[in-house]
Amino acid sequence: MSALHQASLMGSTDVIKLLLDSGATSDLKDNKGMVALHYAAWQGRPEPVQALLQKQSAVNEQALNGETPLHLACQHGHIHVVKLLLAHHADPTVCNKEMKTPLDLACEFGRGRVVEQLLKSNLCEKLLEDNPIDTLDNGRTTCLHLAARNGHSDIIRLLIQSGMNINRATLNGTCLHEAALYGKTDVVRLLLDVMLGGGGGGKTKVNSLNVTRWNVTRHMEPASVVDGLVTSYLAGSINLSSSSPSVFLTPRDLKGAPDSDNHSYWVFSPRYFFFSLGTANTD
């Protein structure tokens, strides 16, 4: 680690400027592959970051773990540094070695102001879209899954309001599966409210995020509809036999509905109920 790395880690703007004016190289890497800008972004004060950027420090430089300075600023919630890096064309779509973007880390660690800032970037729009790579292997996740796993309801609201598909799935399931697995009760309640319009009411009933049940369920995979309904049914919040017309499912449908498109949609729900479009059992 160089003297510039040390000064950046300590947030010593005057020392950083002195070293740079004396010929210190801003893009020198340490044994972790990190440049001084990584440490300044991690430390969180905008002045040292600005000093390094004025000397053309590479804003999208990746360390050995794949992280850019923006990853570190987002993970630690340094909103002013995030704004500064984005103004200097930091790329919020770069993935680290764990396949996580700066947006993913902000969602994982509950940095709401950072998430709100990142969502203003046009580059982040594609991160909200369904992607075939979500199901490539068990290591894949999304910002919505990470927020659900860690109980960040406020961030889930931001993502859904920005257009992210609540039923976006990885090999580990949807964000509802994540929240249920990690025991995040408030998140489960929120997601069910979004999916089912709060339980009761017609297909035009508006939920707490100003989304109608019809607008959500008409885009759902059948498994997602069943999963949401069964979870709510077991919680006692809805009656399956009187579900919204937009769902078209009753207990009889669950037990004997024809598999008209020759696909099997299996879903894990609480209390070990397993459902498909064709069968239902409680083994």
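Residues numbered from 1 in each chain as written. Predicted model: local features only at pLDDT ≥ 70, side-chain atom pairs only at ≥ 80, totals over all residues. Heavy atoms only, no water.

## Structural notes on the side chain of D104
With respect to the helices and strands, the residue D104 is situated in helix 7 (residues 102-108). For D104, the contacting residues outside a window of four places in its chain are M99, T142, C143 and L146. (Helix = DSSP H or I, 4+ residues; strand = E, 2+ residues; numbered from the N terminus. Contact = heavy atoms within 4.5 Å.)

## Comments concerning the pattern of salt bridges
Going through the model one piece at a time under the given rule, you end up with nine salt bridges. Linking R149 and E178 is a salt bridge whose minimum nitrogen-to-oxygen distance equals 2.7 Å. Here R149 is found in helix 9 (residues 143-149), whereas its partner E178 is found in helix 11 (residues 175-181), with 29 residues between them in sequence. Here R149 falls in the partly exposed class, since its relative accessible area comes to 23%. Judged by relative accessible area, which is 4%, E178 ranks as buried. One salt bridge in this structure joins R189 and D186, with 3.2 Å as the shortest N-O distance. Of this pair, R189 and D186 both sit in helix 12 (residues 185-196), separated by three residues, roughly a single helical turn. (Salt bridge = Lys/Arg side-chain N within 4 Å of Asp/Glu carboxyl O. Buried < 20%, exposed > 50% of the residue type's maximum accessible area, 1.4 Å probe, protein only.)

## So, the UniProt feature "repeat: ANK" (unreviewed entry) in the chain
UniProt tags residues 1-31, 32-64, 65-97 and 139-171 as "repeat: ANK" (unreviewed entry). The distance separating the terminal C-alpha atoms of residues 1-31 is 7 Å; by composition the span is 55% helix and 0% strand. Span residues 65-97 is 48% helix and 0% strand, its end C-alpha atoms 5 Å apart. (UniProt positions renumbered as here; feature names shortened; annotations may be inferred.)

## Here we look at helix 4 (residues 46-54)
Taken together, the buried positions of helix 4 are P48, V49, A51, L52 and L53. On its buried face, helix 4 is in contact with helix 1 (3-10), helix 2 (13-21), helix 3 (36-43) and helix 6 (79-87). Two residues or fewer past helix 4, Q56 is found with a positive phi of approximately 60°.

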